[in-house]
Amino acid sequence: MASSDDLSGRLLAGERAALARLISWAENSDRRFPAALSSVYGRVGRAWRTGITGPPGAGKSTLVNELASTLRERDRTVGILAVDPSSPFTGGALLGDRIRMEDRTLDPGVFIRSMASRGSHGGIARATVDACDVMDAFGFDEILVETVGVGQAEYDVISAADHVVVVVCPGAGDGIQAMKAGLLEVADIIVVNKSDVPGAERLAMDLEEAVHLRTAGPRHVAAWVPPVVQCSAAKAEGMEALLDAVARHREYLQGGELEATRARKRAEQVQRVVSERLSEALWGELGYGALVKSFLDAGSTPYDVASDVLSRVLAGVPVAASGDRAGETGASAS
Ligand SMILES: Nc1nc2c(ncn2[C@@H]2O[C@H](COP(=O)(O)OP(=O)(O)OP(=O)(O)O)[C@@H](O)[C@H]2O)c(=O)[nH]1
Ligand SMILES: [Mg+2]
């Protein structure tokens with residue numbers, strides 16, 4: 001059985017199998033992962049992380065693939081993480097052009113990994129950040145994370161990135177609907193993909209207007225206004241424009257909030273780890289499951305039982321008494 005020391009040593013030596021293994025440890029909440037991460041954590045923080053999300057079928061995987069190509073042409077190394085993909089990066093569904101994909105997987109400057117959210121007990125955002133951390137420590141310049149969807153879980157996954165790119169396309173799964181579902185709020189950059197199909201221009205104009213209404217109110221001008229970039233990932237068009245937009249957002253972050261934002265995101269990761277472990281411990285080794293069952297069997301309501309559980313747990317965790325000052329991390333519990 002591999003020890004965490006072996007594996008982190010091999011990761012730092014550039015062994016891709018060790019990288020893959022460590023990501024599996026993160027995904028499976030392996031107890032060896034924390035020690036492995038701490039031995040490589042000094043190397044974390046050099047990669048740029050870009051989250052790519054949007055409705056199913058918008059062309060995210062195609063776009064990620066093209067972005068990776070363009071980044072490789074610029075001599076940037078790329079780690080790709082597809083979270084719960086419905087169109088996998090391997091197996092052909094993604095790419096009309098399999099030969100290029102095979103080239104890509106032979107390229108030591110690219111690493112591609114899928115991660116399933118099933119079975120990770122809501123810990124998918126935690127596991128994604130862990131996976132990005134080890135890819136970062138491994139030494140990739142750029143990390144691209146694709147996740148499908150528009151819900152809270154995807155938002156949690158994607159919001160850990162430095163840049164959030166929201167991809168929409170004309171037609172089915174209408175972009176404006178996606179924006180109404182809250183994607184406008186989270187996007188640093190909006191991509192209208194499939195610019196080769198009718199309606200793309202119109203959608204881009206509508207989105208520009210929506211962004212303008214949101215960011216240029218009478219009393220408030222946003223510091224960053226998400227640009228709307230038109231691309232055709234399938235035709236490999238618009239990648240330079242997208243990377244320019246990313247570069248501008250990067251400069252914007254470097255001009256101010258980058259360190260504070262990354263620190264806040266690290267604090268959010270701490271919260272995820274604590275919540276996950278706490279819940280595991282409560283219903284596992286601490287035996288609260290049995291207690292709950294006995295109370296419910298005795299006829300108490302779920303709220304009464306929950307209140308009993310909480311008072312026991314909270315009484316045992318005297319945070320306020322320990323001198324810690326709550327709220328210092330700046331992490332929000334939302
Ligand atoms: N016409 C056109 N089709 C595209 C373009 N980009 C992607 N597609 C097609 O759109 C379909 C979906 O592409 P994917 O890249 O798998 O989309 P996705 O957003 O990753 O999909 P999910 O991961 O399933 O949500 C595929 O048939 C692609 O070939 C484009 O720029 N133009
Ligand atoms: Mg996809």
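Relevant structure appears above.
For the structure given in this document, a descriptive report is provided here.

Conventions adopted
Residues numbered from 1 in each chain as written. Chains lettered and ligands numbered in written order. Predicted model: local features only at pLDDT ≥ 70, side-chain atom pairs only at ≥ 80, totals over all residues. Heavy atoms only, no water. Core = buried A, V, L, I, M, F, W, Y, C linked by side-chain atoms within 4.5 Å. Buried < 20%, exposed > 50% of the residue type's maximum accessible area, 1.4 Å probe, protein only. Helix = DSSP H or I, 4+ residues; strand = E, 2+ residues; numbered from the N terminus. Domains from an automatic or database assignment. Contact = heavy atoms within 4.5 Å. Salt bridge = Lys/Arg side-chain N within 4 Å of Asp/Glu carboxyl O. Pairing = 2+ DSSP bridges. Phe/Tyr/Trp six-rings, centres within 6.5 Å; stacked < 30°, edge-to-face > 60°.

So, on to the nonpolar core. Residues Leu11, Leu19, Leu22, Ile23 and Met135 are the most contacted members of the largest nonpolar core, which totals 32 residues. Looking at this core element by element, the count peaks at nine residues for helix α6 (residues 124–138). Split by domain, the residues of this core number at least three in each of domain 1 (1–42) and domain 2 (44–255). Apart from residues lying up to four places away in sequence, Met135 is in contact with Leu19, Ile23, Gly79, Ile80, Leu81, Phe111, Phe140 and Ile143. Membership of the second largest hydrophobic core comes to 24 residues, among which are Ile52, Ala68, Val229 and Ala245.

Further remarks concern the pattern of salt bridges. Under the definition given, this model contains 19 salt bridges. Where Asp133 meets Arg49, a salt bridge forms, and the shortest distance between an N and an O atom there is 2.8 Å. Of this pair, Asp133 sits in helix α6 while Arg49 sits in strand β1 (residues 48–54); the two residues are 84 residues apart in sequence, bridging distant segments of the chain. Across the pair, Arg49 and Asp133 agree in class, each one buried. A salt bridge links Asp162 to Arg262; its shortest N-O distance comes to 2.9 Å. Here Asp162, found in the loop between α7 (152–158) and β5 (163–168), pairs with Arg262, found in helix α11 (residues 258–283); they are 100 residues apart in sequence, far enough to count as distant. Like Asp162, the residue Arg262 is buried in the burial classification. Through salt bridges with shared partners, a single network forms among Arg31, Arg277, Glu280 and Glu285.

What follows is about the pairing of strand β4 (residues 142–148). With six of its seven residues buried, β4 lies for the most part within the structure. Pairing analysis gives seven bridges linking β1 to β4, with the strands arranged parallel. Residue pairing for β4: Trp48 is matched across the bridge by Glu142.

The next thing to look at is the packing of aromatic side chains. According to the stated counting rule, one finds three aromatic pairs in the structure shown. Here Phe111 and Phe140 contribute two aromatic rings whose centre-to-centre distance is 6.2 Å and whose plane-to-plane angle is 35 degrees, an arrangement assigned as tilted. Taken as a pair, Phe111 in strand β3 (residues 110–115) and Phe140 in the loop between α6 and β4 lie far apart in primary sequence, 29 residues in all. Classification of Phe111 by relative accessible area gives buried; the value is 6%.

Moving on to the environment of Gly109. Tracing the chain through its elements places Gly109 in the loop between α5 (98–106) and β3. Residue classification places Gly109 among the buried positions, given a relative accessible area of 4%. Taking the C-alpha atoms as reference, Gly109 lies 7.6 Å from Arg76; in sequence the two are 33 residues apart. Residues within four places of Gly109 in sequence aside, it is in contact with Arg72, Thr77, Val78 and Phe140.

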